[in-house]
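# Overview (structure and organization)
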Amino acid sequence: MMDYPVNMGVTPVVKAFFDEATNTISYVVKDPDSSACAVVDSVMDIDMAAGRITYTHADAMIAYILDLGLRLDWIIETHVHADHLSAAPYIQQKLGGKIGIGEKILVVQETFGKIFNEGTEFQRDGSQFDALFKDGDTYKVGQMTCFAMHTPGHTPACMVHVMGDAAFVGDTLFMPDGGSARADFPGGDAGELYDSIQKVLRLPDDMRLFMCHDYGPNGRDIQWETSVGAEKAYNIHVGGGKTREEFVKFRTERDAQLAMPRLILPSLQVNMRAGEVPRDSDGNPMLKLPVNRL
């Protein structure tokens, strides 16, 4: 494991926004020493039955940023989400900031460009994003140095973003009683996911971990914050010293029983374009419905 620039002496202010329709938690992360902030894993609302896109969730984040007089430096995507649509370009249009994702977005674009039969006009070079992060890359939110950890397994492009004593884990981990994300999407790998989780669990025990999703297992209230120490001790899939072999066996058997996420087809088309809705030859926003491809 490379030497990541961990700085537990910086404690950003983290504001969570829960989207009930997709069980997604988005974040505004404020540098404690300036008015700069970042947005992590934003949500664009979609009514599939009506074919209608709206921005209620994103507008709440924008209002929060404006009310506090913050400057938006970064709009971070932890990965190409398969269960919600990103509002990154909408937020960028309103507030500025750069959109960043892991460099393995190129693998995702190539894979799903074929599934959706995208033409040559769909660029598969990540150019829809402002920054493509490599493992260990650093960037600034105000005075706060942040860094990205490559954590493949759920998807090839998954990254955990660490900002001071806070890490935003995407779908690499869930709350301790939720376990981990599936690894059966194209490009996913249960063994890689286990290895990625171990990288996260080598961060300091008191590092705050913020989830991208929570489903309230066993009827508990929705939660999104835990710690490295709590995950190491209590995570039902990897905690307590569970081996790689045990995890791969469980994850593979479990994933075979899971249905596809409700919004996977629109989500992938939009999110591999950095949140832009694809358009038809006349310039109208249009989504495809490939049949029997997943």
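Each remark here, short or long, concerns the structure printed above.
Report follows, based on the coordinates. (Residues numbered from 1 in each chain as written. Predicted model: local features only at pLDDT ≥ 70, side-chain atom pairs only at ≥ 80, totals over all residues. Heavy atoms only, no water.)

## Concerning the packing of aromatic side chains
Enumeration according to the criterion identifies eleven aromatic pairs in this entry. Centroid distance F17 to Y64: 5.7 Å. Interplanar angle 75°. Geometry classified as edge-to-face. Highlighted residues: F17 in strand β1 (residues 13–19) and Y64 in helix α1 (residues 56–67), separated in sequence by 47 residues. Residue classification places F17 among the buried positions, given a relative accessible area of 11%. Measuring from centroid to centroid gives 6.1 Å for F174 and Y215, while their planes differ by 70°, and the two rings are edge-to-face. On the criterion of sequence distance, the pair formed by F174 in the loop between β12 (166–168) and α4 (190–201) and Y215 in the loop between β13 (208–210) and β14 (225–227) is long-range, its members being 41 residues apart. Above the ring of F17, the side-chain terminus of K15 is found at 5.8 Å from the ring centroid. (Phe/Tyr/Trp six-rings, centres within 6.5 Å; stacked < 30°, edge-to-face > 60°. Helix = DSSP H or I, 4+ residues; strand = E, 2+ residues; numbered from the N terminus. Buried < 20%, exposed > 50% of the residue type's maximum accessible area, 1.4 Å probe, protein only. Lys NZ or Arg CZ within 6 Å of the ring centre and 35° of its normal.)

## Let's talk about empty space enclosed by the protein
Scanning the model with the defined rule gives two cavities of 30 Å³ or more in all. A volume near 70 Å³ is recorded for the largest cavity. Taken together, V80, A82, V108, F112, T155, P156, F185, P186 and L268 form the lining of the largest cavity. A per-class count over the lining of the largest cavity returns eight nonpolar, one polar and no charged. When its volume is computed, the second largest cavity comes out at roughly 30 Å³. Contributing to the lining of the second largest cavity are E77, H79, V80, H81, S86, F129, N271, A274 and G275. Here the lining of the second largest cavity is composed, by residue class, of three nonpolar, five polar and one charged. (1 Å grid on protein atoms, 1.4 Å probe; cavity = no way out; pocket = protein on both sides within 12 Å on 5 of 7 lines; lining within 4 Å. Points joined across faces, edges and corners; volume = space filled by probe spheres on them. Nonpolar A, V, L, I, M, F, W, Y, C, P; charged D, E, K, R; others polar.)

## Structural notes on the pairing of strand β6 (residues 71–76)
Judged by how many residues are buried, β6 sits mostly within the fold: five of six residues are covered. Across three bridges, the pairing between β6 and strand β7 (residues 98–102) is parallel. In the sheet register, I76 faces β7, and the bridge partner there is G100. Crossover β6 to β7 through helix α2 (residues 88–95) is right-handed. (Pairing = 2+ DSSP bridges. Right-handed = clockwise from strand over helix to strand, strands pointing away.)

## Observations concerning the layout of surface pockets
Of the pockets and cavities examined, the largest pocket occupies roughly 640 Å³. Taken together, 27 residues line the largest pocket, and the ones lying closest to its centre are D83, F174, R182, Y215 and L258. Partitioned by chemical class, the residues of the lining of the largest pocket number 13 nonpolar, six polar and eight charged. What the second largest pocket holds in volume is close to 440 Å³. Around the second largest pocket, the lining comprises 24 residues; the ones closest to its centre are M44, I53, V277, P285 and L287. Counting only elements with at least two residues in the lining of the second largest pocket, the list comes to β5 (52–54), α2 and α7 (264–271). Take the lining of the second largest pocket: its biggest share by element is four residues, from α2. Grouping the amino acids of the lining of the second largest pocket by side-chain chemistry returns 16 nonpolar, four polar and four charged.

## Topic: the pairing of strand β3 (residues 36–40)
Most of β3 is tucked away: five of the five residues are buried. The side-chain alternation of β3 yields two buried faces, one formed by A36, A38 and V40 and the other by C37 and V39. In terms of strand pairing, strand β2 (residues 24–30) meets β3 through four bridges, oriented antiparallel. In the strand pairing of β3, V29 is matched with A38. Linking β2 back to β3 in an antiparallel pair, the connection comprises five residues. Direction of pairing for β3 relative to β6: parallel, over a ladder of five bridges.

## Digging into the side chain of T22
In this fold, T22 is placed in the loop between β1 and β2. Given a relative accessible area of 10%, T22 falls into the buried group. Among the polar contacts listed, one links the side chain of T22 to the side chain of D19, at a separation of 2.5 Å. At 2.8 Å, the side chain of T22 forms a polar contact with the side chain of T24. Apart from the residues within four sequence positions on either side, T22 is in contact with D83, H84, H213, Y215 and L263. (Polar contact = N/O pair within 3.5 Å; in protein donor to acceptor, adjacent residues only side chain to side chain. Contact = heavy atoms within 4.5 Å.)

## Quick notes on the sheet that holds β1
As a general point, the strands of a sheet are linked pairwise by backbone hydrogen bonds and lie either parallel or antiparallel. A sheet is described by the order of its strands in space; here six strands give the open sequence β1-β2-β3-β6-β7-β8, paired in mixed fashion. Only two strands of the sheet have a single partner each, and these edge strands are β1 and β8 (131–133). Going from strand to strand, the sheet's axes swing by 25° on average, the running direction of each strand aside. Strand direction decides the pairing type here: β1 and β2, joined by seven bridges, are antiparallel. (Axes fitted to C-alpha atoms, helices over the stretch in contact; angles between N-to-C directions.)

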